[in-house]
Each structure stands twice: as structure tokens, then as C-alpha cells.
Amino acid sequence: EEVRKALLQLALAATARCGSDQSFSAFLSELALIASEGCLDRFPDARAVACQLAARLCVLYPQRMRQYSLEIIPAVLPSLAHRRAKVRASALSACDQLVRCGAAEAIRDMAAFRESNVIVFDEFYHGATRMNYMGALVIDQNPTIRRQFFEVITGWMESLREKGDYETLIMPYV
């Protein structure tokens, strides 16, 4: 567990040291895969570091991360319901950066939204449960997580390009 955490910290330190260097951006797909798999780790500290890595990649390479953000965010979402506040905080900041980077469609998954006129065959026959991560964050026990969540969604309402599309999903939580 500690080795995986140390490897994720190494990747995080490498991105901090190299910054937005173009030669380092050649390894962006590998770093995105490392962040995605690290967010599914069983070790909570490794999850937190992987979420920080995903957020930093979005800050350093916003245009290039647009193609990876939709692939990373399903791995980050379960960390929003983790029992440790540190993991939830880093997952929330990663979700914020990923949504701003181009994964705004994930707001539907965060709110467990399903259109009434769309039936997914697999869900119809086998059933599926969706977790309302936004609802869980609104009533979180930790006040810093709630404050961070409100700052994130108000930031989305102010500056997200697709805010008109997702305003009805975000507004009930404000």
C-alpha cells in the first residue's frame, strides 16, 4: 500500500517539477491512466494522492486533458462517498477540475439523474442503482466538505460554459 502511495506521490512530484513542459506532456495518457487507476485503490491515502494528481493534470494541461477527463471521472466519483474526509476533499477538488476541463456530463452522474424518456436495456432487465453524490455531499458530517462542495457548485454556476444545460441539476443543492 505504501509503495503504491509513494509511486503516486512520485508522479505528482514529477508533474509539479516539470510543470506544463511540452516534453512532459507526451506522457499525459500514461499519467491519466495512473490517476484513474489510483483513484480506485483500496488504500485511502493512495486514493487521495491519485485525486490530487488528476486535479493537477487538469490545471497544467486543460486542453489535452479534455479527452481524458470523461474517462477519469467515473473512477473519482466513488471516492466522493469515502468515509475519510481527506479522500472526499481531494476527490471533490479533482471532480471540480475534471468538470471544468470538459467532463461536464459527469454532473448528471453526480446527481444520479436519469431522463424519464430514456430506458437503458441493461438497467431495465438487471436493475441498477445510482448514488446521488451531490445529495450525500450536501448533508456531509464534515463542515469543511460541505463548504468546499458549495464553493465548487457555485463556481460551476458562475464559470462553467455548459451551466445552462446543468443548472436544473445543480440549483437544488445551492
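Residues numbered from 1 in each chain as written. Predicted model: local features only at pLDDT ≥ 70, side-chain atom pairs only at ≥ 80, totals over all residues. Heavy atoms only, no water.

(A) Representation of the overall build of the protein in the model. A count of helical and extended segments in the protein gives ten helices and zero strands. Starting at the N terminus, the α and β elements of the protein follow one another as α-α-α-α-α-α-α-α-α-α. A compact globule built from 174 residues would reach a C-alpha radius of gyration of about 16 Å, and the protein, at 16 Å, matches this within 12%. Expressed as a percentage of the 174 residues in the protein, the buried residues total 45%. Between the centroid of the 20 positive side chains of the protein and the centroid of its 20 negative side chains there is a distance of 6 Å. (Helix = DSSP H or I, 4+ residues; strand = E, 2+ residues; numbered from the N terminus. Rg over C-alpha atoms; globule rule 2.2 N^0.38 Å. Buried < 20%, exposed > 50% of the residue type's maximum accessible area, 1.4 Å probe, protein only. Lys, Arg positive; Asp, Glu negative; His and termini not counted. Charge placed at Lys NZ, Arg CZ, Asp CG, Glu CD.)

(B) Fine view of the pattern of salt bridges. Enumeration according to the criterion identifies six salt bridges in this entry. Here Asp 140 makes a salt bridge to Arg 88, at a shortest N to O gap of 2.9 Å. Highlighted residues: Asp 140 in the loop between helix H8 (133-138) and helix H9 (143-159) and Arg 88 in helix H5 (residues 85-101), separated in sequence by 52 residues. By relative accessible area, which is 9% here, Arg 88 ends up buried. When the shortest N-O distance is used, the salt bridge between Arg 100 and Asp 96 registers 2.8 Å. One end of the pair, Arg 100, and the other, Asp 96, are both in helix H5, four residues apart, so they sit about a helical turn from each other. Through salt bridges with shared partners, a single ionic network connects Lys 5, Asp 45, Arg 84 and Lys 86. (Salt bridge = Lys/Arg side-chain N within 4 Å of Asp/Glu carboxyl O.)

(C) Region of interest: the environment of Asp 109. With respect to the element layout, Asp 109 can be found in helix H6 (residues 106-110). Overall, Asp 109 belongs to the partly exposed group, its relative accessible area being 41%. In this structure the C-alpha to C-alpha distance between Asp 109 and Met 134, which are 25 residues apart in sequence, comes to 9.4 Å. Beyond its immediate stretch of four places on either side in the chain, Asp 109 contacts Leu 77, Met 131 and Tyr 133. (Contact = heavy atoms within 4.5 Å.)

(D) The packing of helix H2 (residues 28-38) against helix H3 (residues 44-60), seen in detail. Interhelical geometry of H2 versus H3 gives an angle of 145° and a closest axis separation of 8 Å. Considering only the axes of H2 and H3, their crossing is left-handed. Where H2 abuts H3, its residues Leu 28, Leu 31, Ala 32, Ile 34, Ala 35 and Gly 38 lie against Ala 46, Arg 47, Ala 50, Leu 53, Ala 54 and Leu 57. For the contact of H2 with H3, a count of residues per class yields ten nonpolar, one polar and one charged. (Axes fitted to C-alpha atoms, helices over the stretch in contact; angles between N-to-C directions. Left-handed = near helix turned anticlockwise from the far one by under 90°. Nonpolar A, V, L, I, M, F, W, Y, C, P; charged D, E, K, R; others polar.)

(E) Spatial organisation of the nonpolar core. In this structure, Met 65, Val 76, Leu 80, Ile 107, Met 134 and Trp 156 are the most contacted members of the largest nonpolar core, which totals 55 residues. Ignoring any residue separated from it by four or fewer positions in sequence, one finds Met 134 in contact with Ile 107, Met 110, Ala 111, Phe 149, Ile 153, Trp 156, Leu 169, Ile 170 and Tyr 173. (Core = buried A, V, L, I, M, F, W, Y, C linked by side-chain atoms within 4.5 Å.)

(F) Spatial organisation of the packing of H2 against helix H4 (residues 62-76). Interaxial distance between H2 and H4 falls to 9 Å at its minimum, and their mutual angle equals 15°. Relative to H4, the element H2 is oriented roughly parallel. Judged by the sense of rotation from one axis to the other, the crossing of H2 with H4 is right-handed. Side by side, H2 and H4 meet where Leu 28, Ser 29, Ala 32 and Ser 36 of the first sit next to Arg 64, Met 65, Tyr 68, Glu 71, Ile 72 and Ala 75 of the second. A class-by-class count of the residues in the contact of H2 with H4 yields six nonpolar, two polar and two charged. (Parallel < 35°, antiparallel > 145°, perpendicular 65-115°, else oblique.)

(G) Here's a closer look at the packing of aromatic side chains. Under the counting rule described, the total for this entry stands at one aromatic pair. Geometrically, the ring pair formed by Phe 149 and Phe 150 is tilted, given 5.8 Å between the ring centres and 55° between the ring planes. Using a relative accessible area of 0% as the deciding quantity, one classes Phe 149 as buried. (Phe/Tyr/Trp six-rings, centres within 6.5 Å; stacked < 30°, edge-to-face > 60°.)

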